[in-house]
Amino acid sequence: MTGRDPFLMEDRPARAEVEGPELLAKGFRPYERYRLVLHHDDGTSDAQVRDIVRGGRVVGVLGYDPERDLVVLIRQFRLTAHLSRGRGEMVEIVAGLVEEGEDPEAAAVRECIEETGVEPRLVLPMLSFTPTPGVTDEFALMFLGILDAGALPARAGARHETEMTQPFAVPVDEALAAIAQGRCINGFLIIALQWLALNRARLPELIAAAEEPARR
């Protein structure tokens, strides 16, 4: 097709004049209000008021044991799932905030240790995404954590954060079947497992390439 915009399938900057923030509430995460004028390509513009929750950078880690072909997941209580569906004990991947000045890869290792009780021997970048851009500025960086599923404890979690997680491992095919059947609906989990399904055949190559510098 001729004349098609080659950057059609790409996020791009917006022409927006933004005022703010006005702090509406400060809880676990700040809740802020912004006023803006958004200019459109046809020459028109809109005045808008938008409220957002400031989430910042977060990491997600899908644990994987290549020797056993198992994924390492956690079970954790989520109030929103409890209130909306009555199923608050969610199956998830490791996830958490990147602390100020912290490297995302270091955050991925730290969160994996906290929530699974096992330190990954390697973390590989997977992808990044914005979970709910209409609500929060949270930006997620996803990693594949290579670890030993045989070393998992029965319980883990950062006690100073009143966090309690239950780590467990399942075969990759079983995990993929669970999301296909809608038995676990955490978004980070679904995205991570779909990435794994798409890249499963080349995992040995990716792992070997990442481990090569350490062998030199």
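Quick caveat, the model's predicted, so the values are computed rather than measured.

Chemist: Looking at this structure, I do not really get the environment of Ala158. What am I missing?
Modeler: Relative to the assigned elements, Ala158 resides in the loop between β9 (139-146) and β10 (166-171). The sequence separation of Ala158 and Glu114 amounts to 44 residues, and the corresponding C-alpha distance is 5.6 Å. The contacts of Ala158, once residues within four sequence positions are left out, are Glu114 and Glu163.

Chemist: Looking at this model, I keep getting lost on the environment of Arg33. Mind explaining?
Modeler: In this structure, Arg33 sits in strand β2 (residues 30-39). On the basis of relative accessible area, Arg33 is assigned to the partly exposed category, the value being 27%. Along the chain, Arg33 and Leu70 lie 37 residues apart, while their C-alpha atoms are 44 Å from each other. If near-sequence neighbours (up to four positions away) are discounted, Arg33 is found in contact with Gly20, Pro21, Glu22, Leu24, Val49, Arg50 and Asp51.

Chemist: Sorry if this is basic, but what is going on with the sheet that holds strand β3 (residues 45-53) here?
Modeler: Strand pairing in a sheet relies on backbone hydrogen bonds, with the paired strands running either antiparallel or parallel. With antiparallel pairing, three strands are arranged side by side in an open sheet as β1-β2-β3. Looking at which strands have only one partner, the edges of the open sheet turn out to be β1 (15-26) and β3. When the angles between neighbouring strand axes are averaged without regard to direction, this sheet yields 15°. Here nine bridges tie β1 to β2, and the two strands are oriented antiparallel to one another. Its bridge partner being in β2, Ala16 is matched across the sheet by Leu38.

Chemist: I keep staring at the environment of Ser45 and nothing clicks. Help me out?
Modeler: Mapped onto the fold, Ser45 is located in strand β3. The class of Ser45 is partly exposed, set by a relative accessible area of 41%. For Ser45 and Arg15, which are 30 residues apart along the polypeptide, the C-alpha to C-alpha distance reads 9.6 Å. The contacts of Ser45, once residues within four sequence positions are left out, are Val37, Leu38, His39 and His40.

Chemist: Is there a simple way to think about a nonpolar patch on the surface in this case?
Modeler: Taken together, Phe77, Leu79 and Leu83 make up a surface patch of nonpolar side chains, about 330 Å² in accessible area. Position of Phe77 relative to the elements: it lies in strand β5 (residues 70-77).

Chemist: When you look at the pattern of salt bridges in this model, what are you seeing that I'm missing?
Modeler: Where charged atoms from two side chains of opposite charge approach closely, those side chains can pair. Inspection of every chain in the model, using the stated rule, returns 18 salt bridges. Note that Arg121 is salt-bridged to Glu67, the shortest N-O span being 3.9 Å. With Arg121 in the loop between α2 (104-116) and β8 (122-129) and Glu67 in the loop between β4 (57-65) and β5, this pair connects stretches of sequence that are 54 residues apart. Glu67 sits in the exposed class, given a relative accessible area of 61%. When salt bridges with common partners are traced through the structure, they connect Glu99, Glu102, Arg110, Glu111 and Glu114 into a single cluster.

Chemist: I keep staring at the pairing of β4 and nothing clicks. Help me out?
Modeler: For a regular strand, side chains alternate in direction, first toward one face of the sheet and then toward the other. Across the nine residues that make up β4, a large majority, eight, are buried. When β4 meets β9, the two strands line up parallel, connected through eight bridges. When the bridges of β9 are listed, Val58 appears paired with Ala140. In the sheet, β4 pairs with strand β7 (residues 94-97) via four bridges, with the strands oriented antiparallel. By the bridge assignment for β7, Val61 is matched with Val94.

What counts, and where the lines are drawn
Residues numbered from 1 in each chain as written. Predicted model: local features only at pLDDT ≥ 70, side-chain atom pairs only at ≥ 80, totals over all residues. Heavy atoms only, no water. Helix = DSSP H or I, 4+ residues; strand = E, 2+ residues; numbered from the N terminus. Contact = heavy atoms within 4.5 Å. Buried < 20%, exposed > 50% of the residue type's maximum accessible area, 1.4 Å probe, protein only. Pairing = 2+ DSSP bridges. Axes fitted to C-alpha atoms, helices over the stretch in contact; angles between N-to-C directions. Patch = residues over 30% accessible without salt bridge, like charges linked within 9 Å, V, L, I, M, F, W, Y side chains within 5 Å. Areas by Shrake-Rupley, 256 points an atom, 1.4 Å probe, with all protein chains shown as cover. Salt bridge = Lys/Arg side-chain N within 4 Å of Asp/Glu carboxyl O.

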